[in-house]
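Architecture at a glance
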Amino acid sequence: MNDMTPVTSKPKDWESDQEVRWCPGCGDYAILKAIQRTMPDLGVKPENTVFISGIGCSSRFPYYMETYGFHTIHGRAPAVATGVKLANPDLDVWVITGDGDGLSIGGNHTLHLLRRNLDCQILLFNNEIYGLTKGQYSPTSRTGTRSPSTPFGSVDGPVNPCAFALGAGALFVARGIDVHKNLPGVFKAAHAHRGASFVEIYQNCIVYNDEVFAPFTEKKEAAARQIWVEHGQPMLFDGGLRGLALDANALALKVVDVAGGDWKAAGVLVHDETNRSIANMLVTMPSGAHPVALGVIYQSPAPTFESAVIEQNARASEGKTADLQALISKGQTWMVEKEPRAD
């Protein structure tokens, strides 16, 4: 768990003097405000915090935080974050990326950061479209998506970000919605986890993919189409009228009705965030009949990458004196004595 120090700050202390420049109504505004409201509750210092992004609409994020930040190149935010954390492990590192930046050109970088378990928070803004480059389909776009690059509809199968993270070995996987009141709680849980925390955020692109998530985010649909899971609590939704149970034959989750509030009789599962198999079932539930799983879906602490590197370096250097010249001269060397040929 990251240390909680008694630092007092206000949301305003985390706002930079830069003009926020996203399209009016973009979900990025809500995520930015949620982060700025969350930071004071974490007990951390702006001068000890770094936001690192790649390329895309979401990647303007570091400009708007009164912290240190890097706006890097396409897909390489995880690589830069790794260097930052190895250079100064005490820094609180946040990676801001999008579905295109983090799962297309940066997919391999995201994979390796997760499997290494670098201590940082990865926030992936998923709007299922390339917004900055004017609406081309992205790795998470649904089959049939019409865009400038797929005028007849995409034939690709979309990437499931949370399933990708679990498959890459992520030890903390969560989901949230840009405008939902529970989003700060997800950020706090991600920060408290020591290691790589992966948070997928459903983010509405009001210009190029507006209301793509409306079937489960609209107020009238939310209760019946969302399930916010919490460790140790029964997996109930729709006002407690329905829940998730295990279909033993299919090795999948099924929706069951809950009569009279007796969720145990209905076979409803209690959420265990340490169960990777159930976590995979939660993030791969088919849309429609099943709700969308949100909240902290999986977490399991383990030693971090940077701590292992620091320990290894300490062991390797024990009893040795640094000598750069000796290092350069070490091994096979030779002297070129013959004069170069004169032309």
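Please refer to the structure placed before this passage.
A brief look at the structure comes next.

What counts as what
- Every chain's residues receive numbers from 1 upward, in the order its sequence appears when written.
- With the structure being a predicted model, the display of local features is reserved for residues of pLDDT at least 70 and the display and counting of side-chain atom pairs for 80 or more, all residues being used for whole-chain, interface and lining totals.
- Neither water nor hydrogens contribute to the side-chain values; these are computed over all heavy atoms in the structure.
- Any Phe, Tyr or Trp ring, taking Trp's six-membered ring, that has another such ring centre within 6.5 Å forms a pair; planes under 30 degrees apart are called stacked, those over 60 apart edge-to-face, and the others tilted.
- Numbered from the N terminus, helices here are DSSP runs of H or I no shorter than four residues, and strands are runs of E no shorter than two.
- Any residue under 20% of the maximum accessible area for its type is buried, any over 50% is exposed, and the rest in between are partly exposed; the area is computed with a 1.4 Å probe on protein chains only.
- For a ring to carry a charge above it, either NZ of a lysine or CZ of an arginine must fall within 6 Å of the ring centroid while also lying within 35 degrees of the normal to the ring plane.
- Positive charge is attributed to Lys and Arg, negative charge to Asp and Glu, and no charge count is given to His or to the chain ends.
- We define a salt bridge as a contact between a side-chain nitrogen of Lys or Arg and a carboxyl oxygen of Asp or Glu at a distance within 4 Å.
- The term polar contact refers here to a pair of N or O atoms within 3.5 Å; inside protein, the definition further demands a hydrogen-donor-capable atom paired with an acceptor-capable atom, and it admits residues adjacent in sequence only when both atoms are side-chain atoms.
- By the convention used here, residues are in contact when the closest approach between their heavy atoms is within 4.5 Å.
- We call a set of buried residues a nonpolar core when its members are Ala, Val, Leu, Ile, Met, Phe, Trp, Tyr or Cys and they connect through side-chain atoms within 4.5 Å of each other.

**Let's talk about the packing of aromatic side chains**
Counted under the stated rule, the structure contains nine aromatic pairs. Seen from their ring centres, Phe 51 and Trp 94 are 5.6 Å apart, and the 15° between their planes marks the pair as stacked. Residue Phe 51 is found in strand β1 (residues 49-53), and its partner Trp 94 is found in strand β3 (residues 92-98); the two are separated by 43 residues along the sequence. For the residue pair Phe 51 and Trp 94, the accessibility class agrees, reading buried in each case. When the ring centre of Phe 305 is taken as origin, the NZ or CZ atom of Arg 116, which lies over that ring, is 5.5 Å away.

**Describing the side chain of Asp 28**
The topology assignment puts Asp 28 in helix α1 (residues 27-42). Of the side chains with opposite charge, Arg 60 lies nearest to the buried Asp 28, which makes no salt bridge, at 8.4 Å. Among the polar contacts listed, one links the side chain of Asp 28 to the side chain of Gln 203, at a separation of 3.3 Å. If sequence neighbours within four positions are ignored, Asp 28 has contacts with Trp 22, Cys 57, Ser 58, Phe 125 and Gln 203.

**Some points on the nonpolar core**
Counting 43 residues, the largest nonpolar core has Leu 114, Ile 122, Met 235, Leu 244 and Leu 282 as the members making the most contacts within it. Tallying contributions element by element places helix α9 (residues 276-283) first for this core, with five residues. If you look at the next biggest cluster of nonpolar residues, it comprises 27 residues, including Met 39, Leu 123, Ala 190 and Ile 201.

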